[in-house]
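Fold and contact review
Below are the chains, spelled out letter by letter.
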Amino acid sequence: MPKLITQVGCPYCGSSCDDIEVIVSDDNKKILEVHNACIIGTNLFMHANDPTRPKLPRMRQADGSMKEIAYPEAIDFMAKTMLAAKKPLIYGFGSTNCEGMAAVARIAEKSGAVLDNCATICHGPSFLAMFDNGYPSCTLGEAKNRADVVVFWGCNPMHAHPRHTSRYSIFPRGYFTSKGQMQRTILSVDPRQTDTAKLADIHLMLDQGHDYELFDAFRTVLKGYDIPDVVAGIKKETIVKAVDIMKKARFCMIFFGMGCTHTDGRNHNIDAAISLTRDLNNYTKCSIMAMRGHYNIAGPGQVWSWIFGFPYCIDLSKGTHAHMNPGETSSVDLAMRDEVDCFVNIGADAGAHFPIQAVQHLKKHPFITVDPNFNMASEIADLHIPVRIAGVDEPGVVYRMDNVPIQFKAVIDGLPGVPSDEELFDMVYERMCELTNTQPVWIAAKEDRKHPANISAVNEA
Amino acid sequence: MATVTLTPTKTPELMLEANSVTPDAFAGKNAEQIATLECREGKTHVTIGDFFTVSGNAGATAAETDIVIAGDCTRVKYIGSKMTAGTVTVNGNADMYVGGWMKGGKIHIKGNVDSFCGIAMEGGEILVDGRAQNHVGCAYRGDWRGMKGGTIRIKGDAGNDIGTFMLGGTIIIEGNAFIHVSTHAEGGTVIVKGNVDGRVGGQMVKGTIYVFGEIKFMMPGFKKVDKVDLEVDGTKATFDHYIGDLGERHPKSKGKTVFADLYLKA
Amino acid sequence: MTKLNLNMITQRSVEEGAAMEKGKTNPDYFEACSIIEMNPEDMKKAGIWVNSNVRVTSECGTVVVKCIHATQYCPPGLAHIRQGVWANQVVPPRTQSTGTPQYSGFPVTVEPAFTEERKTALQLVQGAVGLWKKGGN
Amino acid sequence: MSEIKGEILIKGGFVIDPAQNIDGDIADIAIKDGKIVERVSNAAKVIDAKGKVVMAGGVDVHSHVAGPKVNVGRLIRPEDKLFKSGVAHAPTRMEMGFSVPSVLKTGYDYARMGYGFVMEAAMPPIHAPHVHEEIHDTPIIDEAALPVFGNNWFVMEYIQKGEIENTAAYIAWLLRATKGYGIKIVNPGGTAAWAWGMNCLDLEDKVPYFDVTPHQILTGLMQANEYLGLPHSIHVHQNDLGNPGNYPVTLASLKLAEGVKTKNKFGREQVMHSTHLQFHSYGGDSWATFCSKAKEVMDYVNKQKNITIDLGCVTLDETTTMTADGPFEHHLHALNHLKWANVDVEMETAAGVVPYIYSKDVVPNAIQWATGLELALYSKDPMRTFITTDHPNAGPFTRYPRVIKWLMNKKSREAVLASMKKSDKVIDATTIHTIDRELNLYEIAAMTRTGPAKCLGLSSYYGSLKPGMIADVAVYDLNYKDMPSDPEKIESAFLRAAAFVKSGEIVVRDGEVLSHGHKKTVWVNPKMKENPQVKRDVTESFTKGYYTVGLTNYPVREYLAPHPFVIDVDVEA
């Protein structure tokens with residue numbers, strides 16, 4: 001009998017929808033149907049059935065071909081390579097659970113690596129802006145239950161977060177927003193007329209790359225001063241009207257995306273957006289949120305902040321303390337400056353998503369990819385280690401774009417012999433400790449490793 | 001005064017983190033001792049002697065010590081960082097953090113510098129004959145206390161984020177600047193003798209900017225108030241005087257709102 | 001041959017996401033990402049026909065992609081290649097010292113390349129690091 | 001705990017244990033298999049405590065150490081790490097940050113200070129998995145967390161209708177779902193109002209939409225707490241925090257406890273714990289007339305026996321404020337213009353984070369410093385008055401030893417006062433200079449371990465050296481009979497314990513961490529008959545989608561509290 005599993009979390013985008021229904025085969029081996037998910041999420045779940053999914057690590061041979069090897073050999077290679085490097089770079093975590101992120105932190109610290117995640121090429125500038133200016137935000141339920149004005153600035157959820165608008169931002173009926181879309185005014189700020197812009201009441205089609213000036217114009221108008229007739233290609237009247245709508249909102253919600261973080265000024269575009277949000281709170285309630293890309297890309301920001309105090313670009317090579325300064329300790333800069341001599345790509349695809357020149361620099365040194373699937377990074381790696389897919393055949397905690405933790409389920413059994421990220425990293429860590437003749441540091445989170453005999457002896461208060 | 005000369009002997013494979021290349025660290029040491037001072041290359045502990053030949057002994061104090069690096073330091077970070085006195089001269093390029101957190105003394109880089117030159121500087125002088133990358137005289141990430149004092153002069157061009165969160169001191173860019181000048185500043189002076197692309201004085205609370213060339217995209221929060229004749233860094237000229245950033249908060253002094261000033265050569 | 005100077009952005013699309021989850025060697029991914037979208041006026045200016053190949057060149061690289069009718073309207077002067085392998089052949093790695101490359105807002109030239117073929121993802125990435133062998137591996 | 005085997009003898013120290021009225025007697029403390037026992041064999045490891053003070057492990061009643069807002073504080077403040085972090089060396093891992101330390105630094109520093117139990121003071125229920133993730137990554141110390149209830153929609157609706165039993169049933173469900181410890185209330189009603197950009201500054205201000213007042217919320221939750229008979233009482237951060245002239249609101253809130261009787265099996269005597277009272281004891285009507293009302297507040301606390309308080313001492317540091325009092329943080333940001341983070345949490349609560357520099361040369365800050373110390377010095381009952389800094393709000397917890405120094409040594413207080421730029425103004429607005437009292441070690445022990453343990457209903461496990469207790473024992477290098485004349489030595493002794501035994505394992509020697517310990521997560525499991533109304537209401541809030549997560553994904557899964565210490569409460573109703 002096929003089984004129905006409900007309230008499944010979707011490991012694709014930052015919306016982290018946890019209302020997916022999955023029908024799996026009787027033997028827990030195959031996903032038969034996926035309901036409620038968007039097309040991308042559905043494809044993701046169905047792709048897990050792919051019979052060609054790698055089941056063993058593969059090592060590149062002298063002739064350029066890849067040969068399957070056993071896990072212990074791969075673990076030994078990864079441990080030795082990272083220990084031998086003067087400064088390894090670990091990058092990725094677009095699709096890893098938080099347990100894996102905590103586990104990789106131990107390896108990174110042990111090997112004196114730089115620990116970075118996909119935010120470095122996505123919302124990293126948003127972190128820089130938060131460092132400088134804070135982050136007046138909320139959970140998505142607040143937007144859903146209260147927001148009557150929603151601004152999409154440099155983001156296109158209809159494409160990047162397909163169910164965002166129906167679950168949280170435009171269409172849903174919330175506690176104080178029982179009329180749904182009817183009750184919301186939507187503004188879109190984007191240089192293209194995106195599918196999100198088409199849904200908006202007002203689309204401000206600004207000149208690409210001039211978000212900062214436009215934010216400043218909004219703030220200047222809000223303070224009651226005059227602005228030039230046209231700012232960033234937008235007429236003064238339109239700006240004044242948009243500011244008026246935001247100011248008169250009961251609850252104004254600003255979502256922003258790569259349109260702000262990938263363009264000139266990067267962090268300062270968001271920095272200005274945060275200033276605008278703050279200003280609006282002198283008149284009404286206003287919140288702002290980064291449209292984080294992956295279902296758990298907020299995770300490393302959380303996990304590594306509580307372990308190291310920094311969300312990304314964490315240079316652990318000093319051994320005594322962590323150092324962070326994006327621009328210096330960020331993956332692409334490290335690559336372009338030839339400042340690392342080993343690259344470990346985990347649950348992401350630097351091969352496809354870094355500018356190709358950065359890939360070429362990284363490829364001068366040992367290149368290891370940890371990923372459940374084949375991707376560009378695996379196909380240029382010296383070693384590819386497959387793992388289970390978090391949210392599909394491995395459960396775990398993930399952080400949604402609003403930093404709400406969601407405990408994801410596994411819907412099918414993992415491939416036999418294939419470890420989770422966490423298990424793999426723990427084995428690599430133990431191997432590193434063996435190689436360096438040091439004791440592993442396990443805390444309560446790792447009771448099972450610390451006291452393997454006592455797993456069952458839990459509660460004797 | 002005593003001069004210590006470092007001659008590069010090899011290029012670091014990664015970047016050399018040379019926090020110890022400062023008059024303060026050298027003071028009171030002879031050449032052999034200086035050669036044993038620790039640096040880092042990635043996680044490996046290395047010494048100055050691994051990458052330079054050292055000649056000459058340092059003075060008794062930082063103030064009595066001049067350091068000359070007779071060669072290129074394109075792959076050497078932190079030259080002169082946190083120094084309080086004395087001088088450092090590099091006959092070539094230098095990497096990031098030249099004069100970072102510097103409190104006194106002089107640094108002269110005869111080539112180019114990379115980013116974060118003069119980050120969170122408190123005093124002293126930095127002179128760069130070539131160009132600078134980004135974040136000249138900026139604050140460390142998250143700190144609202146940027147450059148507080150001292151002078152940075154870049155003879156060539158500079159990139160983005162010049163004087164971010166600046167509180168005091170002077171930055172002079174003799175060439176062109178890219179974007180973001182004095183963003184979030186609450187004091188200090190930035191002079192750009194060439195052109196700037198834009199974002200000059202955004203979110204600026206207090207402080208002064210002079211631009212001799214053109215600003216391609218003016219911040220909408222700056223308003224022209226008058227025209228003034230000024231002498232700026234030896235140049236006498238008429239400037240259009242703007243105040244701003246009108247979108248930002250501003251303190252009051254004696255009942256009057258204090259704005260940041262932008263002077264654009266007329 | 002007319003070369004068009006355009007401002008390039010590279011962003012996500014649902015087609016790219018859906019195809020990527022099937023795998024980057026899947027033909028859907030190739031079709032979803034090896035394309036450029038621009039304004040019809042710009043296409044006319046450069047003599048580019050819909051569904052014909054063009055060569056896009058930036059300060060740091062070049063790539064052949066297919067020009068299609070914009071699925072989401074681009075104003076004149078702006079071009080869009082969906083994020084992915086093809087876009088990243090031309091994305092400048094400069095980060096303005098923030099860590100994030102210039103994925104959007106960089107100058108490119110676009111010119112007709114009717115007779116040139118688009119390369120596959122593997123061909124581009126493995127080719128860039130000296131691993132590409134004809135026929136794959 | 002069973003896996004900790006072995007015997008330890010802490011020999012010949014001056015033992016201080018207010019739970020047994022022991023004040024400086026020279027005695028041995030014997031430890032076997034994680035518990036304190038009467039005697040051990042000759043094979044026991046010996047810690048020589050001769051000439052040193054021996055106390056139970058410290059118990060922190062209120063500290064923000066784990067969870068979303070703490071982590072926001074870490075995330076938005078890289079400058080709190082730069083040149084300010086610890087230097088790691090084996091066997092410890094890196095320890096980062098000053099005012100908002102990383103979880104590792106948190107565990108290590110508490111252990112170095114001889115603390116064995118820390119209460120995370122505010123857990124937003126929907127973020128409970130996050131809080132537990134941080135707790136289980138924090139080494140050595142046992143921890144528990146208080147879910148916030150004072151602005152929860154269910155609570156406000158039940159209380160508005162006067163339904164105490166439903167309120168209690170909801171609390172029982174939420175404590176189980178979040179693996180929480182007790183009832184935290186932060187700015188009752190005010191935080192809910194903040195969701196619309198408003199606040200409740202007075203006990204009788206109505207919460208928008210919910211038509212209920214802070215007064216009703218406090219009273220209702222106090223009744224529900226006693227209905228359930230939880231180990232801890234309601235734990236209250238009152239309205240109008242941090243503002244000049246707020247002490248009447250404080251007194252009015254405290255008075256709500258009058259006549260309320262406690263009902264519990266855990267030895268707790270209070271019905272209300274009023275936290276970081278320093279922030280609530282101000283007179284004046286502006287920052288110009290700002291002054292301390294510590295005396296007035298403590299006069300009331302001293303005579304009202306069914307309340308307990310903790311101090312929230314300002315330590316004059318650059319720190320990071322963080323509280324579920326969302327409107328307060330917005331207000332604070334408007335005063336100091338530093339970066340402001342805010343997190344409004346659907347259905348439940350909010351939080352804000354703003355860095356803050358307490359300067360001894362800023363008169364209101366200096367008055368705040370004096371106010372916190374005055375509260376302790378005016379206290380007649382150290383067993384009801386606990387030392388905290390509301391970490392990190394008034395200062396980091398690593399300043400507890402400094403606070404202890406100030407409380408134990410008048411000279412050290414006067415030195416700070418004299419160094420203030422405007423000490424005359426501070427003297428005008430406070431009474432600290434008139435107080436000669438110097439607390440003794442017995443009082444300090446009551447205020448830092450025995451008292452807090454009792455207040456939390458944990459006195460059978462923590463806060464004493466009685467046989468049968470969990471073996472958390474701290475040894476401090478202070479001679480009871482010959483206290484140092486240099487007050488700095490008091491601070492350094494409490495900052496780096498000579499030895500700390502945690503759950504029967506030596507984890508610190510000479511201030512150095514030796515082991516990552518055997519930490520536990522403590523939570524309360526109220527066993528109560530299922531309440532169909534509450535069950536339906538909770539389910540509906542998820543199915544109707546006012547919550548944006550699924551009901552089955554909401555409760556904290558077992559593995560996130562890998563070493564639980566569960567306190568069962570049989571609710572008799």
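Not measured: the values here are computed from a predicted model.

When you go through chain C residue by residue, the secondary structure sums to 4 helices and 6 strands. In sequence order, the secondary structure elements of chain C are arranged as β-α-α-β-α-β-β-β-β-α. Here the C-alpha radius of gyration of chain C, 14 Å, is about what a compact globule of 137 residues would show, namely 14 Å. Overall, chain C is about 40 × 40 × 30 Å in size when its C-alpha atoms are taken along their principal axes. Within chain C, the fraction of its 137 residues that count as buried is 65%. The contacts in chain C between residues at least 6 apart in sequence include a share of 73% that link residues at least 24 apart. Of the roughly 5100 Å² of accessible surface on chain C, 54% is carried by carbon and sulfur atoms. A distance of 5 Å separates the average location of the 14 positive side-chain charges in chain C from that of its 12 negative side-chain charges.

This paragraph deals with the overall build of chain B. Scanning chain B from N- to C-terminus turns up 3 helices and 22 strands. Computed over C-alpha atoms, the radius of gyration of chain B comes to 20 Å, within 12% of the 18 Å expected from 2.2 N^0.38 for 266 residues, which places it in the range of a compact globule. Overall size of chain B, expressed as C-alpha extent along the three principal axes, is 60 × 35 × 35 Å. Counting only residues that meet the buried cut, chain B has 61% of its 266 residues in that class. When contacts within chain B are restricted to residue pairs at least 6 apart in sequence, those whose partners lie at least 24 apart make up 37%. With an accessible surface of roughly 9100 Å², chain B has 46% of that area assigned to carbon and sulfur atoms. Of note, chain B has its 29 positive side-chain charges centred 5 Å away from the centre of its 30 negative side-chain charges.

Attention now moves to empty space enclosed by the protein. Taken as a whole, this structure holds 13 cavities of 30 Å³ or more when the rule is applied. Tyr135, Gln302, Asp402 and Asn403 of chain A together with Val72 of chain D are the residues nearest the centre of the second largest cavity, which is lined by 21 residues in total. Elements with a minimum of two residues in the lining of the second largest cavity: α4 (124-133), β8 (134-138) and α12 (298-308) of chain A together with α1 (68-75) and β16 (340-345) of chain D. Residues of the lining of the second largest cavity, tallied by class, amount to 13 nonpolar, 6 polar and 2 charged.

In this section: the side chain of His353 of chain A. Topologically, His353 of chain A is positioned in helix α14 (residues 350-353). Residue classification places His353 of chain A among the buried residues on the basis of a relative accessible area of 14%. Here His353 of chain A is in contact with Ile121 of chain A together with Glu16, Met20, Lys24, Tyr29, Gln83, Gly84, Asn88 and Tyr103 of chain C, once residues within four sequence places are set aside.

Now for the sheet that holds strand β9 (residues 184-186) of chain D. Sheet strands pair by backbone hydrogen bonding; their relative direction is either parallel or antiparallel. All names here are of chain D. The 5 strands lie next to each other as β9-β10-β11-β14-β18, forming an open sheet whose pairing is parallel. Two strands bound the open sheet, and with one partner strand each, they are β9 and β18 (385-386). Relative to β18, strand β14 (residues 307-310) is paired through 2 bridges, and the arrangement is parallel. The residue bridging Ile309 from the neighbouring strand is Thr385, located in β18. Helix-sheet contacts for helix α7 (residues 214-228) involve β9, β10 (234-237) and β11 (272-274), and the interaxial angle to β10 is about 160 degrees.

Here the focus is the packing of helix α5 (residues 164-178) of chain D against α7 of chain D. Residues and elements named next belong to chain D. Interhelical geometry of α5 versus α7 gives an angle of 70 degrees and a closest axis separation of 9 Å. Put simply, α5 runs roughly perpendicular to α7. The way α5 lies across α7 gives a crossing that is right-handed. Counting all contacts with α5, which are made through Ile164, Glu165, Thr167, Ala168, Ile171 and Ala172, the residues of α7 involved are Gly220, Leu221, Gln223, Ala224, Tyr227 and Leu228. Residues of the contact of α5 with α7, tallied by class, amount to 8 nonpolar, 3 polar and 1 charged.

This brings us to the packing of aromatic side chains. Counting across every chain of the model gives 49 aromatic pairs over all chains. A centroid spacing of 5.8 Å and a plane angle of 35 degrees characterise the contact between Phe14 of chain D and Tyr480 of chain D, whose relative ring orientation is tilted. A residue pair is termed long-range when its members are at least 10 positions apart, and Phe14 of chain D in strand β1 (residues 7-17) and Tyr480 of chain D in the loop between β19 (473-476) and α16 (487-495) qualify at 466 residues. On the accessibility criterion, Tyr480 of chain D (24% relative accessible area) is partly exposed. Feature note: the residues Tyr175 and Phe176 of chain A together with Trp153, Trp196, Tyr209, Phe210 and Tyr546 of chain D constitute an aromatic cluster, connected by ring pairs. Its end group placed over the ring of Trp196 of chain D, Arg146 of chain A keeps NZ or CZ at 4.9 Å from the ring centre. Of note, Lys247 of chain A hangs over the ring of Tyr283 of chain A, and the distance from its end group to the ring centre comes to 4.7 Å.

A separate point is the confidence of the model for chain C. Residue and element names in this part refer to chain C. Mean pLDDT for chain C: 94, with 96% of residues reaching 70 or above. Confidence scores differ between elements of chain C, with helix α3 (residues 40-46) showing the lowest mean pLDDT of 94 and strand β3 (residues 52-58) the highest of 98. Here the prediction assigns the complex a pTM of 0.97, and the interface score ipTM is 0.97.

Another aspect to go through is the packing of α12 of chain A against α1 of chain D. Relative to each other, α12 of chain A and α1 of chain D sit at 80 degrees, their axes nearing to 9 Å. On the basis of their axis angle, the class for α12 of chain A and α1 of chain D is roughly perpendicular. Of the residues in α1 of chain D, those in contact with Gly301, Gln302, Ser305 and Trp306 of chain A of α12 of chain A are Asn71, Arg74 and Leu75 of chain D. Per-class residue counts for the contact of α12 of chain A with α1 of chain D are 2 nonpolar, 4 polar and 1 charged.

This brings us to unusual backbone geometry. A cis amide bond links Ala90 of chain D to the next residue, Pro91 of chain D, at an omega of 5 degrees. Assignment of secondary structure puts Pro91 of chain D in the loop between α1 and α2 (103-112). A positive phi angle is found at Asp233 of chain B, which is not glycine, with a value near 45 degrees. Inspection of the secondary structure assignment puts Asp233 of chain B in the loop between β18 (223-232) and β19 (235-244). Judged by its relative accessible area of 30%, Asp233 of chain B falls in the partly exposed class. Positive phi outside glycine occurs at Lys254 of chain B, with the angle close to 50 degrees. On the secondary structure map, Lys254 of chain B appears in the loop between β20 (252-253) and β21 (256-257).

Residue and element names in this part refer to chain B. On the basis of which strands lie adjacent, the open sheet formed by 4 strands has the order β4-β3-β2-β7 and mixed pairing. Either end of the sheet is taken by a strand with one partner, and the two such strands are β4 (44-47) and β7 (76-77). With 2 bridges joining them, strand β2 (residues 16-17) and strand β3 (residues 38-41) adopt antiparallel strand pairing. Of the residues in β3, the one forming a bridge with Glu17 is Arg40.

Turning to the interface of chain D and chain A, a few remarks are in order. It is common to give the size of an interface as the accessible area that goes away when the parts come together. Taken together, the 70 residues of chain D in the interface contact 75 residues of chain A. For the pair chain D and chain A, the summed buried surface comes to about 6600 Å²; carbon and sulfur atoms form 56% of the total. Of all residues in chain D, Arg93, Met94 and Trp196 of chain D give up the largest surface area on contact with chain A, accounting jointly for 14% of the area buried on that side. Here chain D is connected to chain A by 2 salt bridges. The residue Arg93 of chain D makes a salt bridge to Glu109 of chain A at a minimum N-O spacing of 2.9 Å. Across the chain D-chain A interface, the total number found is 39 residue pairs in polar contact (both at pLDDT 80 or more). Put simply, the parts of the chain that give the side of chain D that touches chain A at least two residues each are α1, α2, α3 (128-136), α4 (153-160), α10 (326-336), β16 and β24 (564-570) of chain D.

Another aspect to go through is helix α17 (residues 532-543) of chain D. Residue and element names in this part refer to chain D. With 12 residues, α17 ought to run about 16 Å at 1.5 Å a step, and its terminal C-alpha atoms sit 16 Å apart, in line with that. Along α17, the residues classified as buried are Val534, Asp537, Val538, Ser541 and Phe542. Seen from one end, α17 has its buried residues packed into an arc of 135 degrees, which puts them on one side. Residues of α17 that are exposed and angled more than 90 degrees away from the buried face: Pro532, Arg536 and Thr543. Where α17 is buried, its residues meet α4 and α5. Looking at where α17 begins, the residue whose side-chain oxygen comes 3.1 Å from the main-chain nitrogen of Gln533 is Asn531. Positive backbone phi, at 85 degrees, marks Gly545, one or two positions downstream of α17.

Scoring rules and cut-offs
- Residues numbered from 1 in each chain as written.
- Chains lettered and ligands numbered in written order.
- Predicted model: local features only at pLDDT ≥ 70, side-chain atom pairs only at ≥ 80, totals over all residues.
- Heavy atoms only, no water.
- Helix = DSSP H or I, 4+ residues; strand = E, 2+ residues; numbered from the N terminus.
- Rg over C-alpha atoms; globule rule 2.2 N^0.38 Å.
- Buried < 20%, exposed > 50% of the residue type's maximum accessible area, 1.4 Å probe, protein only.
- Contact = heavy atoms within 4.5 Å.
- Areas by Shrake-Rupley, 256 points an atom, 1.4 Å probe, with all protein chains shown as cover.
- Lys, Arg positive; Asp, Glu negative; His and termini not counted.
- Charge placed at Lys NZ, Arg CZ, Asp CG, Glu CD.
- 1 Å grid on protein atoms, 1.4 Å probe; cavity = no way out; pocket = protein on both sides within 12 Å on 5 of 7 lines; lining within 4 Å.
- Points joined across faces, edges and corners; volume = space filled by probe spheres on them.
- Nonpolar A, V, L, I, M, F, W, Y, C, P; charged D, E, K, R; others polar.
- Pairing = 2+ DSSP bridges.
- Axes fitted to C-alpha atoms, helices over the stretch in contact; angles between N-to-C directions.
- Parallel < 35°, antiparallel > 145°, perpendicular 65-115°, else oblique.
- Left-handed = near helix turned anticlockwise from the far one by under 90°.
- Phe/Tyr/Trp six-rings, centres within 6.5 Å; stacked < 30°, edge-to-face > 60°.
- Lys NZ or Arg CZ within 6 Å of the ring centre and 35° of its normal.
- pLDDT = per-residue confidence, 0-100.
- Buried area = accessible area lost by both parts, 1.4 Å probe.
- Salt bridge = Lys/Arg side-chain N within 4 Å of Asp/Glu carboxyl O.
- Polar contact = N/O pair within 3.5 Å; in protein donor to acceptor, adjacent residues only side chain to side chain.
- Expected span 1.5 Å × (residues − 1).
- Arc of directions from axis to C-beta.

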